[in-house]
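# Coordinates in review
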Amino acid sequence: PFLLTLLTHPTFISGEFWTTFIDDTPQLFQMISSQNRAQKLLHYLADLAVNGSSIKGQIGVPKLKKHPDVPHLHNSSGEIIDVVSTPPPSGWRQVLLEHGPDEFAKRVRKFNGCLIMDTTWRDAHQSLLATRVRTYDLAAIAPTTAHALAGAFSLECWGGATFDVAMRFLHEDPWERLRILRKLVPNIPFQMLLRGANGVAYSSLPDNAIDHFVKQAKENGVDIFRVFDSLNDLEQLKVGVDAVKKAGGVVEATVCYSGDMLQPGKKYDLDYYLEVTEKIVKMGTHFLGIKDMAGTMKPAAAKLLVGSIRAKYPDLPIHIHTHDSAGTGVASMAACAVAGADVVDVAVNSMSGLTSQPCMNALLASLEGEIDTGVNATHARELDAYWAEMRLLYSCFEADLKGPDPEVYEHEIPGGQLTNLLFQAQQLGLGEKWAETKRAYRQANYLLGDLVKVTPTSKVVGDLAQFMVSNKLTPDDVKRLASSLDFPDSVMDFFEGLIGQPYGGFPEPLRTDVLRNKRRKLTCRPGLELAPFDLEAVREDLQDKFGDTDECDVASYNMYPKVYEDFQKIKEKYGDLSVLPTKNFLSPPEIGEEIEVTIEQGKTLIIKHQAVGDLNKETGLREVYFELNGELRKIHVVDRS
Ligand code: BTN
Ligand code: 3PY
Ligand code: ZN
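Being a predicted model, the structure only gives us computed values, none of them experimental.

### Overview of the overall build of the chain
Scanning the chain from N- to C-terminus turns up 27 helices and 12 strands. At 26 Å, the chain has a C-alpha radius of gyration in line with the 26 Å of a compact globule built from 641 residues. Dimensions of the chain, computed from the C-alpha atoms along their principal axes, are close to 75 × 70 × 50 Å. Counting across all 641 residues of the chain, residues that qualify as buried make up 57%. Working note: accessible area of the chain is about 26,200 Å², and carbon and sulfur atoms make up 53% of it. Placing the 68 positive and 86 negative side-chain charges of the chain at their respective mean positions leaves the two points 4 Å apart.

### Digging into the site of ligand 2
Around ligand 2, the neighbouring residues are Arg122, Gln126, Gly160, Ala161, Leu193, Arg195, Phe228, Lys291, Met293, Val454 and Thr455. A distance of 2.9 Å separates an oxygen atom of ligand 2 from a polar atom in the side chain of Arg122. Here Ala161 contributes a backbone N or O atom positioned 3.5 Å from an oxygen atom of ligand 2. Against a free-state accessible area of 230 Å², the protein chains account for coverage of 94% of ligand 2.

### Here we look at unusual backbone geometry
The linkage connecting Thr455 with the following residue, Pro456, adopts the cis geometry, with an omega of 5°. For Pro456, the location among the structural elements is in the loop between helix H19 (434-447) and helix H20 (457-470). Geometrically, the link from Glu508 to Pro509 is a cis peptide bond, its omega value of 5° lying close to zero. Of note in the backbone geometry, Asp400 takes a positive phi value of approximately 70° without being a glycine. When you line up the elements, Asp400 lands in the loop between helix H16 (377-393) and helix H17 (408-411). The phi angle at Arg516 is positive, at roughly 45°, despite the residue not being glycine. By the secondary structure assignment, Arg516 is in the loop between helix H23 (510-515) and helix H24 (535-546).

Rules used throughout
- Residues numbered from 1 in each chain as written.
- Chains lettered and ligands numbered in written order.
- Predicted model: local features only at pLDDT ≥ 70, side-chain atom pairs only at ≥ 80, totals over all residues.
- Heavy atoms only, no water.
- Helix = DSSP H or I, 4+ residues; strand = E, 2+ residues; numbered from the N terminus.
- Rg over C-alpha atoms; globule rule 2.2 N^0.38 Å.
- Buried < 20%, exposed > 50% of the residue type's maximum accessible area, 1.4 Å probe, protein only.
- Areas by Shrake-Rupley, 256 points an atom, 1.4 Å probe, with all protein chains shown as cover.
- Lys, Arg positive; Asp, Glu negative; His and termini not counted.
- Charge placed at Lys NZ, Arg CZ, Asp CG, Glu CD.
- Near = heavy atom within 4 Å.
- Polar contact = N/O pair within 3.5 Å; in protein donor to acceptor, adjacent residues only side chain to side chain.

Structure below.
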């Protein structure tokens with residue numbers, strides 16, 4: 001009420017008073033703003049206390065009831081390293097900053113060994129924990145990571161699904177995450193996953209939006225960009241690659257590996273991969289990425305593929321990505337290292353295995369004495385103590401996969417999607433339908449022409465598979481009834497050509513039957529048909545709607561307009577939720593519990609949860625009582641139960 005009175009006061013509205021008032025009494029404004037922020041956070045906590053968590057995909061509450069301890073690293077004399085006040089050893093990022101992307105790539109190629117990328121901050125939690133790990137928990141371990149993994153090629157920490165999940169479900173700003181981590185890790189290159197002409201979205205954007213997005217990503221801390229296209233459509237890939245080149249980033253143009261190349265008669269065989277590689281090399285890239293989304297690259301295939309590319313392109317730095325779904329991840333990455341790969345992907349032990357990346361210390365041990373990785377195995381193990389606890393803090397997002405799935409060679413479901421589909425089957429009480437879903441996925445893939453499967457094509461195949469299961473359709477039924485079935489949007493988009501052109505063309509007559517007269521048949525890349533975004537107009541519009549707007553906001557809005565607007569509205573309602581410890585973000589405060597929240601440097605709120613009042617049957621409200629820095633606060637919350 002005080003703020004309202006102030007803001008509507010006629011003298012206040014007149015400009016002169018405004019400036020002198022702020023200049024003369026800054027403390028008052030800071031006080032109002034922090035009171036306001038505290039009040040908003042209390043609203044979030046009160047809502048949690050009454051209604052429980054509303055984070056999508058959350059089952060129950062965290063098993064861990066505290067913030068995970070940050071483990072100590074020890075030097076070779078057994079003394080604790082003070083990771084906060086000692087600057088981390090210089091790493092590959094210093095090479096990059098000093099010499100630029102070309103020379104950086106040359107030096108990595110020259111390194112006598114095989115480096116690692118740690119995916120823990122992106123793909124590992126995307127694959128195991130529905131991408132739900134928050135900035136709060138990444139920032140807490142960042143200084144330790146900068147020391148422990150100082151010799152790593154990179155940390156994958158951004159892009160893929162992390163971008164929209166941060167805003168959509170964690171209610172935090174992905175750009176802020178990037179900036180915070182960047183400050184804490186000055187020595188290890190940061191890597192992101194970019195979906196070519198889709199940016200970090202699920203379908204094409206106008207080229208100028210991709211350029212604009214990548215420019216912000218580079219300026220805010222991304223060094224290396226793994227760029228892929230879900231159909232290995234080179235034209236689509238080039239949009240992302242060109243954007244990275246313009247922004248001055250390190251380009252890792254990537255070929256996606258789908259299926260088991262060793263099985264005879266497969267559509268994607270060694271010749272296919274060599275052909276795509278040749279085109280990528282012609283396009284120009286600092287690194288060649290090979291992305292095995294489903295983990296179907298067996299050690300023998302790894303050896304053959306990497307060996308063949310290495311023989312043909314002795315100077316090309318090669319970086320391999322895999323998932324451990326079938327349980328062969330460590331063996332495959334070791335085979336890659338032996339065959340001449342320059343970098344392979346792993347995750348910190350407790351965040352590795354199953355649908356995530358292979359285990360870091362297992363790979364280091366496998367290569368020990370033969371191939372140098374530049375990483376200290378003891379430090380990697382010490383670092384892991386944090387993630388062992390973290391896994392419990394995020395236990396409410398586990399899909400509970402029990403072991404490797406050798407059937408992955410048949411269904412070829414990418415890691416993250418495998419976890420999600422299993423989870424969905426369990427939630428629908430269709431645990432027994434899981435085998436059926438996997439079978440349908442395989443059938444759907446062949447109906448669609450045997451696609452390279454990764455976001456967004458994997459979603460097309462998954463949607464068709466679920467459609468077949470729920471409508472009890474066999475592949476023959478789908479073909480026979482295609483012109484009368486109501487297919488999922490993603491399937492329509494694919495057949496229209498909105499995801500790009502598949503290798504070998506679209507399956508006919510299925511395409512024609514599915515599209516009927518409802519959609520066109522695109523023959524060029526979809527981005528060519530999109531009018532450039534008016535970036536200035538977007539900025540002004542956001543400024544009008546939400547106040548302070550920068551280029552990162554514009555980029556967020558371009559990727560996900562609705563998600564961005566909803567995120568801003570939540571921020572308006574609850575303030576910046578990223579400051580809450582994860583336990584208090586996900587689970588209701590307990591009566592008597594004291595929560596410490598640092599809302600900015602030097603400003604900590606002590607919040608004590610006192611009581612929840614009775615339901616007022618007329619209003620549907622409950623009163624929730626807190627002590628905020630010793631003062632009683634009462635919050636009204638709608639009881640939605
Ligand atoms: C999404 O992210 O849109 C899907 C929401 C639900 C995904 C669930 S959360 C628990 C489980 N673990 C996963 O990795 N996925 C599922
Ligand atoms: C993504 O696009 O998010 C992926 O992880 C693809 O593998
Ligand atoms: Zn992956």
